[in-house]
Amino acid sequence: MMTTIISLLSCNMSDSYNKLPFGGYEVDFEGGNNNRLMKNNKMLIDSGLVDCKYNEKYLLISVDTTYSMEPEKIRKSDLHYFLQDIVNDTIIKKVSYSDLRKIIKEKSLEDIDITK
């Protein structure tokens, strides 16, 4: 009985829920392919979120679509990437790995680079 309780507590402690400081975005890292992104309580990415970084202008998101329980181990070039312009509140745009690398360089987004 005690082992079960300890296991449940350790699983819950690894979960992470973050409300981003803009636009009603919320990131929920439950582990494996259960990581998700919401905006104003609506699901934008319902599983596979690997990384989410932002600054005052952009939100960069990477997603694993293989349903891996260890998405952080998927090669960065095999992930799907999305770019959100926070200032203009544009729809999340899917971009390729190579295009995102170019955008990061063009817009000086090295501080939120999720492709490394």
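Residues numbered from 1 in each chain as written. Predicted model: local features only at pLDDT ≥ 70, side-chain atom pairs only at ≥ 80, totals over all residues. Heavy atoms only, no water.

Chemist: Looking at this model, I keep getting lost on the overall build of the protein chain. Mind explaining?
Modeler: A count of helices and strands for the protein chain gives two helices and eight strands. Along its sequence from the N terminus, the protein chain presents helices and strands in the succession α-β-β-β-β-β-β-β-β-α. Taking all 116 residues of the protein chain together, 40% fall into the buried category. The long-range share in the protein chain, meaning contacts at least 24 apart out of those at least 6 apart in sequence, stands at 33%. When the accessible surface of the protein chain is split by element, carbon and sulfur atoms take 53% of a total near 7400 Å². (Helix = DSSP H or I, 4+ residues; strand = E, 2+ residues; numbered from the N terminus. Buried < 20%, exposed > 50% of the residue type's maximum accessible area, 1.4 Å probe, protein only. Contact = heavy atoms within 4.5 Å. Areas by Shrake-Rupley, 256 points an atom, 1.4 Å probe, with all protein chains shown as cover.)

Chemist: What is the right way to read the packing of aromatic side chains from this model?
Modeler: Ring pairs (aromatic) are described by centroid distance and by the angle formed between their planes. Counting across every chain of the model gives three aromatic pairs. Between F22 and Y54, the aromatic rings sit 5.1 Å apart at their centres with planes inclined by 70 degrees, giving edge-to-face as the arrangement. On the criterion of sequence distance, the pair formed by F22 in the loop between β1 (16-19) and β2 (25-29) and Y54 in strand β5 (residues 49-54) is long-range, its members being 32 residues apart. Among the residues examined, F22 registers a relative accessible area of 15% and is labelled buried. Taken together, F22, Y25 and Y54 form an aromatic cluster joined through their ring pairs. (Phe/Tyr/Trp six-rings, centres within 6.5 Å; stacked < 30°, edge-to-face > 60°.)

Chemist: Looking at this model, I keep getting lost on the side chain of D85. Mind explaining?
Modeler: For D85, the location among the structural elements is in strand β7 (residues 80-85). Side-chain polar atoms of D85 contact the side chain of N88, separated by 3.0 Å. With residues up to four places along the chain from it excluded, the contact list for D85 reads K57, Y58 and T90. (Polar contact = N/O pair within 3.5 Å; in protein donor to acceptor, adjacent residues only side chain to side chain.)

Chemist: It is not clear to me how the pattern of salt bridges should be interpreted in this structure. Could you clarify?
Modeler: Evaluated as defined, the whole model comprises six salt bridges. Between D78 and R75 there is a salt bridge, with the nearest N and O atoms lying 3.0 Å from each other. For R75, a relative accessible area of 56% puts it in the exposed group. Ionic contacts of the salt-bridge type, sharing partners, join the residues D28, E30 and R36 into one network. (Salt bridge = Lys/Arg side-chain N within 4 Å of Asp/Glu carboxyl O.)

Chemist: Is there a simple way to explain the sheet that holds β7 in this structure?
Modeler: In sheet architecture, strand pairing relies on hydrogen bonds along the backbone and comes in two forms, parallel and antiparallel. Reading across the sheet, the four strands line up as β5-β6-β7-β8 and stay open at both edges, with antiparallel pairing between neighbours. For this open sheet the edge positions go to β5 and β8 (93-95), each flanked by a neighbour on one side alone. Across this sheet, the average inter-strand angle for adjacent strands is 25 degrees, counted without regard to direction. Relative to β8, β7 is paired through three bridges, and the arrangement is antiparallel. Residue pairing across strands places F82 opposite K94, the latter belonging to β8. Of the strands in this sheet, β6 (58-63), β7 and β8 are in contact with helix α2 (residues 97-106), which crosses β8 at around 105 degrees. (Pairing = 2+ DSSP bridges. Axes fitted to C-alpha atoms, helices over the stretch in contact; angles between N-to-C directions.)

So far we have only geometry, and geometry alone does not tell us how the molecule works.
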